[in-house]
Amino acid sequence: MIRRRLVVTGRVQGVFFRDWTVEQARALGLDGWVRNRADGSVEMVVAGAPEMVEAMIARVRQGSPASRVDDVAVSEDVSGERFDGFEKRATA
C-alpha cells in the first residue's frame, strides 16, 4: 500500500471533476478522498496498491472530459488518516 496527495490545477472546478475522480478511484479499488480548494485547485489523497495509485495519477493527469488539467503536484501522504473507500469531501 502507498499513499499519495495530489493537488490538481487548471479548469477542475465546476466541471464535475470530483465526481469523475470518485468514479475512477473506486474503479481502481482505491481509498481516500477528493475536495475542492478555495484557490480553485482540487486536492485528493489516494491510497492503495502501487500500480493502482500510479494508474490513478495517470488518469488525473489526463483529466475528465470537461476539465483541463494544467498541473498535478504529487507528494507522499504522511497524515496517517484511515480510509474506508473513496469519498468526495467539502471544499477546504
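Counting of residues starts from 1 at the beginning of each chain's written sequence and follows it residue by residue. Where totals are concerned, whole chains, interfaces and linings use all residues; where local detail is concerned, this predicted model gives features only for residues with pLDDT of at least 70, and gives and counts side-chain atom pairs only at 80 or more. Here the side-chain values reflect all heavy atoms present in the structure, with hydrogen atoms and water set aside.

### Side note on the overall build of the protein chain
Helix and strand definitions follow DSSP, with helices as H or I runs of at least four residues and strands as E runs of at least two, each counted in order from the N terminus. Each helix and strand counted, the protein chain has 2 helices and 5 strands in total. Going residue by residue from the N terminus, the α and β elements of the protein chain occur as β-α-β-β-α-β-β. Against the 2.2 N^0.38 benchmark of 12 Å for 92 residues, the protein chain shows a C-alpha radius of gyration of 12 Å, consistent with a compact globule. Counting only C-alpha atoms and orienting by the principal axes, one finds that the protein chain spans roughly 30 × 25 × 20 Å. Remark: exposure states derive from per-residue accessible area (1.4 Å probe, protein chains only) relative to the maximum for the residue type, with buried under 20%, exposed over 50%, and partly exposed in between. In the protein chain, buried positions account for 41% of the 92 residues. Long-range pairs, those at least 24 residues apart, make up 79% of the contacts in the protein chain with a sequence separation of at least 6. The globule rule used for comparison is 2.2 Å times the number of residues to the exponent 0.38, while the radius of gyration itself is calculated over C-alpha atoms. By the convention used here, residues are in contact when the closest approach between their heavy atoms is within 4.5 Å.

### Overview of the packing of helix 1 (residues 17-27) against helix 2 (residues 50-62)
Following both chains from N to C, one finds helix 1 and helix 2 inclined at 155°, their axes separated by 11 Å at the closest point. Considering their axes alone, helix 1 and helix 2 lie roughly antiparallel with respect to each other. Crossing hand, helix 1 versus helix 2: right-handed. In this structure, helix 1 uses Phe17, Trp20, Thr21, Gln24 and Ala25 to contact helix 2, whose residues at the interface are Met56, Arg59 and Val60. Among the residues forming the contact of helix 1 with helix 2, the class breakdown is 5 nonpolar, 2 polar and 1 charged. Lines are fitted to the C-alpha atoms to define the axes, a helix being fitted only along its stretch in contact, and any angle between axes, read from their N-to-C directions, falls within 0 to 180 degrees. Between 65 and 115 degrees an angle is taken as roughly perpendicular, under 35 as roughly parallel, over 145 as roughly antiparallel, and anywhere else as oblique. Two helices cross in a left-handed way if the nearer one is turned anticlockwise from the farther one by less than a right angle. They cross in a right-handed way if the turn is clockwise. As a working rule, the residues Ala, Val, Leu, Ile, Met, Phe, Trp, Tyr, Cys and Pro are called nonpolar, Asp, Glu, Lys and Arg charged, and the rest polar, with Gly in that last group.

Any functional reading would require information that these geometric values do not contain.
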